[in-house]
Amino acid sequence: MSSAEINQLSDNVEKLSVTESTPVTTTEESPAPESQNSEVPSSLYVGELDPTITESELYEVFSAIGPVSSIRVCRDAVSKQSLGYAYVNYQNRADGEKALEELNYTEIKGKPCRIMWSQRDPAARKNGSGNVFIKNLHKDIDNKTLHDTFSAFGNILSCKIATDANGVSKGFGFVHYDNPDSANDAIESVNGMLLNDLEVYVGPHISKKDRESKWQELIENYTNVYVKNISLETKEEDLRKLFEAYGNITSMYLATDEAGNSKGFAFINFEKHEDAVKAVEELNDKEFEGKTLYVGRAQKKRERVEQLKQQYEQAKQEKMSKYQGVNLFVKNLDDSIDDERLKEEFSPYGTITSVIVMKDETGKSKGFGFVCFSTPEEATKAINEMHQRIVESKPLYVALAQRKDIRRNQLSQQMQARNQMRMQQAAVQGGMGQFVAPMFYGQNFIPPMVNGVRGGPFPGQPPMMMQQGAPQNFRGPNGQPVPVYVQPVYGDYQGRMQQQPRHYANRPNQMQQPRKEQSFAQFIASLPVEQQKNALGNKIYEKITESQKVQDQEAIGKITGMLLSMDNQQIISSLENEEIFNHQLDEAIKAYQDFKNNSETAPAEAAQAPVEN
């Protein structure tokens, strides 16, 4: 083989390597060099894809054109969710050109795709050469219409209409030509023309960095002034006369409605920046025809929205800082307790800046409120002294106040942790079909007698499972207790036998029926500590079922476990107050639904991910 043939073969191998192995990290495109022959592989970018599209579905579409060497749907590195675009590699350039001509803007799964040559050189994409910006486009103009309109001026590499989250045109778009001359021809020919009865603007695309720099320069040298709070009786001539005293005015707009009545605001543009600054300084907060005027620099809508957003976030942070560690949440309040009584109860522990008992539409107490102290030390002292103190025969629950989103976050995290533990324990048990909580019994444990069989299964439950080789007396080597994996059954508050929600249960039922003269709180206190959670769990499970807010039995069990994460006194207070219980139940249901939605999305995305060898 001659040296020339070796060099040609080396070039082809290098081109093939770039096409097949370069990581896909971009979405911009440009045509392959003209020097490539039809046997050189070609890569196409395919955008505007349905998020559920798969590689196999794309293969069915593109393989009809010619042999496809590879297809890759680009996905988010963490969530594995489709990013809405893919790369299709043909074995030769001729098939790529044919696909670009025949399949561009055709519908795939109900959405018209956008195809162009893949351009992996960032410098070529970002230099802006040949890129045209079009605005004031009619909403009905789509990518194909824009492409057909501008293709008359040269070879188009990329053509796209900007759309919102619902796929509706934002009224502007971009066309990228393969050379600057075609872009200049398009600007000269189309700028100012009517497209669907709208006069469009066509000009060279300016990068975001350059736009921001230009905008900052305009802000520093503004001449346009915004005036509001104008009397509705003020005429344009009177307003002009007021502002002309500060310099030459090039234009003025007093906003009016359809009937010609003033809307109370106006825009005034001065010839010089200095005159605009002087008018703002002299006329802002000045009274004119019975109204105090606001005069300031005119702002774009985007700038105003960003400014308002920053102000809101700043105020939010200041409020959080102000009440951090000093605002207390108090619940399980008696209906007779009002603001004054609540303040009276907490005032011995420090200076109270605000206090409120929350009420419903009828003015009835909701059973909870807030007390704000002047220092964190006072708030901490109040928590230590007032938490679980009996006020009007009811024990108070007192803790630092938290925002609703933080509470929901905590509930969601607790549920996630429980779910992970459940999966880990299921894996340890050798892939059992359902989670069964491990329970450790002492040396003198005797299995329950069920259906006449010692150690047999509970009614409706799987057989008890012991570690392999464990003797029937449940003792391991050296007399140590052996863990027994079993789905236990518990007695409810009324003494009936029912299945305990399996995710939080960890002991067999040894509950006794409460005496009639006992309150529920007294009954729980009379039980051994290790049985109190079981009794509370049964009561919560029963109340959730009665509420009919949750129908799925598994969901009821998991939500019960979430509510059981609170301390016992807080649970008892909640169970004794329907409004507080319903409020906590709604938050737990919301956290469970959020967690379930997230956990269901991950397997679906994993199933769609391509298998790489």
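Residues numbered from 1 in each chain as written. Predicted model: local features only at pLDDT ≥ 70, side-chain atom pairs only at ≥ 80, totals over all residues. Heavy atoms only, no water.

A. How the structure looks around the pattern of salt bridges. Within the structure shown, the criterion is met by 13 salt bridges. We note a salt bridge from Glu-57 to Lys-109, for which the minimum N-O separation is 3.6 Å. Of this pair, Glu-57 sits in helix α2 (residues 55-62) while Lys-109 is found in the loop between β4 (107-108) and β5 (111-112), placing the two residues 52 residues apart along the sequence. Looking at Glu-57, the relative accessible area reads 28%, which means it is partly exposed. A salt bridge links Asp-339 to Lys-359; the nearest nitrogen and oxygen atoms lie 3.9 Å apart. With a gap of 20 residues between them, Asp-339 in helix α11 (residues 339-346) and Lys-359 in strand β20 (residues 352-359) connect regions that are remote in the sequence. Residue Asp-339 is classed as partly exposed on the basis of its relative accessible area, which comes to 27%. Accessibility expressed as a relative area gives 38% for Lys-359, which makes it partly exposed. Taken together, the shared-partner salt bridges connect Glu-48, Arg-114 and Lys-160 into one network. (Salt bridge = Lys/Arg side-chain N within 4 Å of Asp/Glu carboxyl O. Helix = DSSP H or I, 4+ residues; strand = E, 2+ residues; numbered from the N terminus. Buried < 20%, exposed > 50% of the residue type's maximum accessible area, 1.4 Å probe, protein only.)

B. Molecular detail of the side chain of His-273. Checked against the element boundaries, His-273 lands in helix α9 (residues 273-283). One polar contact links the side chain of His-273 to the main-chain carbonyl oxygen of Glu-220, over a distance of 3.3 Å. Look past the residues within four positions of His-273 in its chain and what remains in contact with it is Glu-220, Asn-221, Tyr-222 and Thr-223. (Polar contact = N/O pair within 3.5 Å; in protein donor to acceptor, adjacent residues only side chain to side chain. Contact = heavy atoms within 4.5 Å.)

C. A look at the nonpolar core. Ranked by internal contacts, the top residues of the largest apolar core, which has 29 residues, are Ile-524, Leu-536, Ile-540, Ile-544 and Ile-559. Within the residue set of this core, elements represented by two or more residues are α13 (404-428), α14 (520-526), α15 (529-547), α16 (553-563), α17 (568-575) and α18 (578-608). Per element, the largest residue contribution to this core is 7 residues, and it comes from α18. If we ignore the near neighbours within four places in the chain, the residues touching Ile-559 are Ile-544, Val-550, Leu-585, Ala-588, Ile-589 and Tyr-592. (Core = buried A, V, L, I, M, F, W, Y, C linked by side-chain atoms within 4.5 Å.)

D. Broad picture of the sheet that holds strand β19 (residues 327-331). If you trace the 4 strands from one edge of the open sheet to the other, you get β20-β21-β19-β24, paired in antiparallel fashion. The open sheet has two free edges, formed respectively by β20 and β24 (397-400), since each of these has just one partner strand. The mean inter-strand angle of the sheet, taken between neighbouring strand axes irrespective of direction, is 20 degrees. Where β19 and β24 come together, 4 bridges link them in antiparallel fashion. Considered in β24, the bridge of Phe-329 is made with Ala-399. (Pairing = 2+ DSSP bridges. Axes fitted to C-alpha atoms, helices over the stretch in contact; angles between N-to-C directions.)

E. Highlighting the packing of aromatic side chains. Counting across every chain of the model gives 14 aromatic pairs. Consider the rings of Tyr-226 and Phe-267, whose centres lie 5.3 Å apart with planes at 40 degrees: the pair is tilted. Of the two residues, Tyr-226 is situated in strand β13 (residues 224-228) and Phe-267 in strand β15 (residues 262-270); the sequence distance between them amounts to 41 residues. Judged by centre distance (5.7 Å) and plane angle (55 degrees), the rings of Phe-329 and Phe-368 are tilted. With Phe-329 in strand β19 and Phe-368 in strand β21 (residues 365-373), this residue pair connects regions lying 39 residues apart in the sequence. Here Phe-368 falls in the buried class, since its relative accessible area comes to 18%. Ring pairing ties together the aromatic residues Tyr-226, Phe-265, Phe-267 and Tyr-294, which thus form one cluster. The lysine or arginine in question, Arg-93, covers the ring of Trp-117, its NZ or CZ lying 4.4 Å from the ring centre. The residue whose ring lies beneath Lys-543 is Phe-581, and the NZ or CZ to ring-centre distance is 5.1 Å. (Phe/Tyr/Trp six-rings, centres within 6.5 Å; stacked < 30°, edge-to-face > 60°. Lys NZ or Arg CZ within 6 Å of the ring centre and 35° of its normal.)

F. Representation of unusual backbone geometry. For Lys-109, which is not a glycine, the phi torsion comes out positive at approximately 55 degrees. We classify Lys-109 as partly exposed; its relative accessible area is 42%.

G. Layout of helix α5 (residues 143-150). Buried residues of α5: Asn-143, Leu-146 and Phe-150, and no others. Seen along its axis, α5 keeps its buried residues to an arc of 70 degrees; they face one direction. Residues of α5 that are buried sit in contact with β6 (114-117), β7 (131-135), β8 (156-163), β9 (169-177), α6 (180-190) and β12 (201-204). (Arc of directions from axis to C-beta.)

H. Examining the environment of Ile-230 more closely. Mapped onto the secondary structure, Ile-230 falls in the loop between β13 and α8 (236-244). The buried category is assigned to Ile-230, whose relative accessible area is 3%. Setting aside chain neighbours within four positions, we find Ile-230 in contact with Leu-239, Leu-254, Gly-264, Phe-265, Ala-266, Lys-291 and Leu-293.

I. Focus on the sheet that holds strand β2 (residues 68-75). Within the open sheet, the 4 strands sit side by side as β2-β3-β1-β6. Their pairing is antiparallel. Edge positions in the sheet fall to β2 and β6, since each has one partner strand and no second. Taken over all neighbouring pairs, the strand axes of this sheet differ in orientation by 20 degrees on average, direction set aside. One ladder, built from 4 bridges, connects strand β1 (residues 42-47) with β6; its direction is antiparallel. Within the sheet, the bridge partner assigned to Tyr-45 lies in β6 and is Met-116. The strands touched by α2 within the sheet are β1, β2, β3 (82-90) and β6, with β2 carrying the most contacts at an inclination of about 140 degrees. Here helix α3 (residues 93-103) sits on the sheet and contacts β1, β3 and β6; the angle it forms with β6, its principal contact strand, is near 150 degrees.

J. Broad picture of the side chain of Asn-104. Note on placement: Asn-104 falls in the loop between α3 and β4. Judged by its relative accessible area of 14%, Asn-104 is buried. A polar contact is formed between the side chain of Asn-104 and the backbone nitrogen of Ile-115, at a distance of 2.7 Å. Those residues in contact with Asn-104 that lie beyond four places of it in its chain are Ala-99, Cys-113, Arg-114, Ile-115 and His-147.

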